[in-house]
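If you want the building blocks of each chain, they are given just below.
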Amino acid sequence: MSNIITVTQQTFKSTVVESDLPVLVDFWAQWCQPCLRMNPSLEELAEEMDGRAVVAKVNVDEERALAAMFQVMSIPALMVFKDGKKVAEFTGLQPKGTLVEKLESLA
C-alpha cells in the first residue's frame, strides 16, 4: 500500500496548499521513463517521512492545468511546498538523499 497521494486540480489546495506538513509534489507521466525510475525512491520517501512530510503525485497528462500553473516544462518535476508556497524545485531524476535532506530541513 502506497503512502503517496494522487493530487488533482480539485484536491491540490486541500492536499498541498493547506497542508501543515511540507509536501513534495512529483509532476510525472506514465510514458516518462525517468519518472517511472523515481517511483521506488518516492515510495520509500513517503514511508520514511510519514507523519513529517507528504509525498504527492500529479499526472501531467490528466492535470494539464496544474502543470501549466507551475510552468512544468520537463518531467519529472519535483516541487516542495511549505505553508502553501513553493520553496524548492528539482527537475529530472533525483537521488533520494537530496529529497530527504530538503524535506527534513523543512519538517
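Residues numbered from 1 in each chain as written. Predicted model: local features only at pLDDT ≥ 70, side-chain atom pairs only at ≥ 80, totals over all residues. Heavy atoms only, no water.

Caption draft 1: Layout of helix α4 (residues 96-106). Turning to α4, its buried residues are Leu99, Val100, Leu103 and Leu106. In an axial view of α4, the angular spread of the buried residues amounts to 135°, which keeps them on one side of the axis. Turned more than 90 degrees from where α4 packs its buried face, Glu101 and Ser105 sit exposed. Buried residues along α4 sit in contact with β2 (23-28), α2 (33-48), β4 (77-82) and β5 (85-91). (Buried < 20%, exposed > 50% of the residue type's maximum accessible area, 1.4 Å probe, protein only. Helix = DSSP H or I, 4+ residues; strand = E, 2+ residues; numbered from the N terminus. Arc of directions from axis to C-beta. Contact = heavy atoms within 4.5 Å.)

Caption draft 2: Spotlight on the UniProt feature "active site" (unreviewed entry) in the chain. UniProt marks Cys32 and Cys35 with the feature "active site" (unreviewed entry), using the numbering shown here. Along the chain, Cys32 falls in the loop between β2 and α2. Aside from chain neighbours lying at most four places away, what touches Cys32 is Ile75 and Pro76. By the secondary structure assignment, Cys35 is in helix α2. When its relative accessible area of 1% is taken as the criterion, Cys35 is described as buried. Setting aside its immediate chain neighbours within four residues, Cys35 contacts Trp28, Ala29, Ile75 and Pro76. (UniProt positions renumbered as here; feature names shortened; annotations may be inferred.)

Caption draft 3: Examining the state of the cysteines more closely. In the structure shown here, the tally under the stated rule is one disulfide. Disulfide partner of Cys32: Cys35, at an S-S distance of 2.3 Å. Here Cys32 and Cys35 share a disulfide; its torsion about the S-S bond, 80°, makes the bridge right-handed. Accessibility classification places Cys32 together with Cys35 in one group, the buried group. (Disulfide = S-S within 2.5 Å.)

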